[in-house]
Amino acid sequence: MAQTKTNGAVPVYGKDHILAFRLFDERTSKGATKLALQTKHSWKFEAKSDSTETKDGNINSPATASATLEIEAIASLDEVNEMLRGAVMSSKMLEVWDINLADKRSDNKYGAQYARGYLQSWEVPSEIGKLTEIKTTMNVDQLPVEGEATLTEEQQSAIQYAFADTNPATEG
């Protein structure tokens, strides 16, 4: 799909942003895994300033920004859903990467944001006639950091299946 440019600006599509997670205490033994069936995620940044009344009027003092990540996905019986649910129940720190697939920088490298934090909730509403959707919010320690994330061939194939020829398929 061709990117539309307006005055040199390229629009950003939500479908190009995927989330990958890993338990922080498994960072030396496991790679991150994409959350399947994501429908939406939102970064929220807040810096609430304090106001002090003086006889000359209010004076505002700047506050440190905080970040949260709200996540929605279709529930599934997979390892990542179980890991995330367990992280809420056990108060385990998570790592998250927000990877922009439209921002390919080099072989297997994509523009990304990286953050660490804790999920503060795990909501799974079940409604008749609809897919079950999980909702959760992650409180981020400090602020997300910009960088590049590596997607292995295996991770890329989990995002999109590869082209298949019309000839009979071979094993592998």
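Up top is the structure.
These numbers come from a predicted model, not from an experiment.

Asker: Explain the side chain of Glu95 here, please?
Answerer: As for its placement among the helices and strands, Glu95 is situated in strand β7 (residues 94-106). Glu95 sits in the buried class, given a relative accessible area of 3%. A polar side-chain atom of Glu95 sits 2.7 Å from a polar atom in the side chain of Arg22. Polar side-chain contacts of Glu95 include one of 2.5 Å to the side chain of Tyr114. Those residues within four positions of Glu95 in sequence are excluded, and the remaining contacts are Ala20, Phe21, Arg22, Leu23, Phe24, Arg27, Tyr114, Ala115 and Arg116.

Asker: Where do I start with the packing of aromatic side chains in this structure?
Answerer: One pass over the structure, following the stated rule, counts two aromatic pairs. Ring centres of Trp97 and Tyr114 lie 5.2 Å apart, and the angle between their planes is 50°; on these two criteria the pair is classed as tilted. Highlighted residues: Trp97 in strand β7 and Tyr114 in strand β8 (residues 109-119), separated in sequence by 17 residues. Owing to a relative accessible area of 14%, Trp97 belongs among the buried residues under this scheme. Looking at Lys15, its charged tip hangs above the ring of Tyr13, at a distance of 5.8 Å from the centre. Cation over ring: Arg27 sits above Phe24, and NZ or CZ is 3.8 Å from the ring centre.

Asker: What is the right way to look at the nonpolar core in this model?
Answerer: Nonpolar side chains tend to gather and get buried jointly when the protein is soluble and globular. The biggest cluster of nonpolar side chains holds 22 residues, and the ones touching the most others in it are Phe21, Leu84, Leu94 and Val96. Of all the secondary structure elements, the ones that give two or more residues to this core are β1 (17-23), β6 (66-74), α1 (79-90), β7, β8 and β9 (133-140). Top contributing element to this core by residue count: α1, with five residues. Aside from chain neighbours lying at most four places away, what touches Leu84 is Phe21, Leu35, Leu94, Leu119 and Trp122. If you look at the next biggest cluster of nonpolar residues, it comprises nine residues, including Ile18, Ile99, Tyr110 and Ala149.

Rules used throughout
Residues numbered from 1 in each chain as written. Predicted model: local features only at pLDDT ≥ 70, side-chain atom pairs only at ≥ 80, totals over all residues. Heavy atoms only, no water. Helix = DSSP H or I, 4+ residues; strand = E, 2+ residues; numbered from the N terminus. Buried < 20%, exposed > 50% of the residue type's maximum accessible area, 1.4 Å probe, protein only. Polar contact = N/O pair within 3.5 Å; in protein donor to acceptor, adjacent residues only side chain to side chain. Contact = heavy atoms within 4.5 Å. Phe/Tyr/Trp six-rings, centres within 6.5 Å; stacked < 30°, edge-to-face > 60°. Lys NZ or Arg CZ within 6 Å of the ring centre and 35° of its normal. Core = buried A, V, L, I, M, F, W, Y, C linked by side-chain atoms within 4.5 Å.

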